[in-house]
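# What the coordinates show
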Amino acid sequence: MSLEIWQGDITSLKVDAIVNAANRELRGGGGVDGAIHRAAGPKLDPACQALGGCETGEAKITPGFDLPAKYVIHTVGPIYSGSHSDPLLLAACYRNSLRVAQENGLHSVAFSAISTGVYGYPLGAASKIAFTEVRKWLRDHKDYDLRVIMVAYDARTYALYQKLLG
Ligand code: ADP
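Below is a summary of the structure that appears in this document.

Each value, and the rule that gives it
Residues numbered from 1 in each chain as written. Predicted model: local features only at pLDDT ≥ 70, side-chain atom pairs only at ≥ 80, totals over all residues. Heavy atoms only, no water. Salt bridge = Lys/Arg side-chain N within 4 Å of Asp/Glu carboxyl O. Helix = DSSP H or I, 4+ residues; strand = E, 2+ residues; numbered from the N terminus. Buried < 20%, exposed > 50% of the residue type's maximum accessible area, 1.4 Å probe, protein only. Axes fitted to C-alpha atoms, helices over the stretch in contact; angles between N-to-C directions. Parallel < 35°, antiparallel > 145°, perpendicular 65-115°, else oblique. Left-handed = near helix turned anticlockwise from the far one by under 90°. Contact = heavy atoms within 4.5 Å. Nonpolar A, V, L, I, M, F, W, Y, C, P; charged D, E, K, R; others polar.

The next thing to look at is the pattern of salt bridges. Inspection of every chain in the model, using the stated rule, returns seven salt bridges. With its nearest N and O atoms 3.3 Å apart, the salt bridge here joins Asp45 to Arg27. Taken together, the positions of Asp45 in helix 2 (residues 44-49) and Arg27 in the loop between strand 2 (17-22) and helix 1 (31-40) put the pair 18 residues apart, joining distant regions of the chain. Taking relative accessible area as the criterion, Arg27 reaches 42% and is therefore assigned partly exposed. The salt bridge partner of Arg95 is Glu133, with a shortest N-O separation of 2.9 Å. Taken together, the positions of Arg95 in helix 3 (residues 85-103) and Glu133 in helix 4 (residues 123-140) put the pair 38 residues apart, joining distant regions of the chain.

Okay, here's the thing in structure tokens:
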């Protein structure tokens, strides 16, 4: 098992699954969601619609269609409000995405920085939660072979990820 960081466009990664920062309707939106829907091609939208939406903090899986990644795990981050549930829901996104990956026998997963774009989660706090939750999951599932890649789209996120990786 490993925890890595990488800077760039998540849609270019040839991994078992990339994790999308989706919305509750699982309709392709802006940001990374839009990029994933464009790169996956027109079959992704009907596959998402068949799932009947996704609650905040939950995760659902579809094929990757035209993406180099085999699957897309769609998770819905909290819209940042400053309430006590924000960190719990964000942590649940990472935990549930990894659970879905394991349930589907996947061994490499790349995460986008959930909630840190349009959903407004402060980047520093969100990154800490992301790394803490992924590390905890990896510790709790030592017998499962999994490579986790934390994807930073911009330089600021990448610098934070470098610090957190240590
Ligand atoms: P949310 O609505 O959950 O905030 P966004 O898509 O607005 O989701 O942003 C989540 C993160 O994804 C942001 O840090 C943004 O910079 C990043 N991002 C945007 N496009 C891409 C991409 N093509 N690959 C990887 N990350 C991306």
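The rest of the description comes next.
Glancing now at the packing of helix 4 against helix 5 (residues 155-165). The interhelical angle for the contact between helix 4 and helix 5, taken along N-to-C directions, is 45 degrees, at an axis separation of 10 Å. By the angle class used here, helix 4 and helix 5 are oblique. For helix 4 against helix 5, the interelement crossing comes out right-handed. Here Leu123, Gly124, Ser127, Lys128, Phe131 and Arg135 of helix 4 come into contact with helix 5, specifically with Arg156, Thr157, Leu160, Tyr161, Leu164 and Leu165. Within the contact of helix 4 with helix 5, the residues separate by chemical class into six nonpolar, three polar and three charged.

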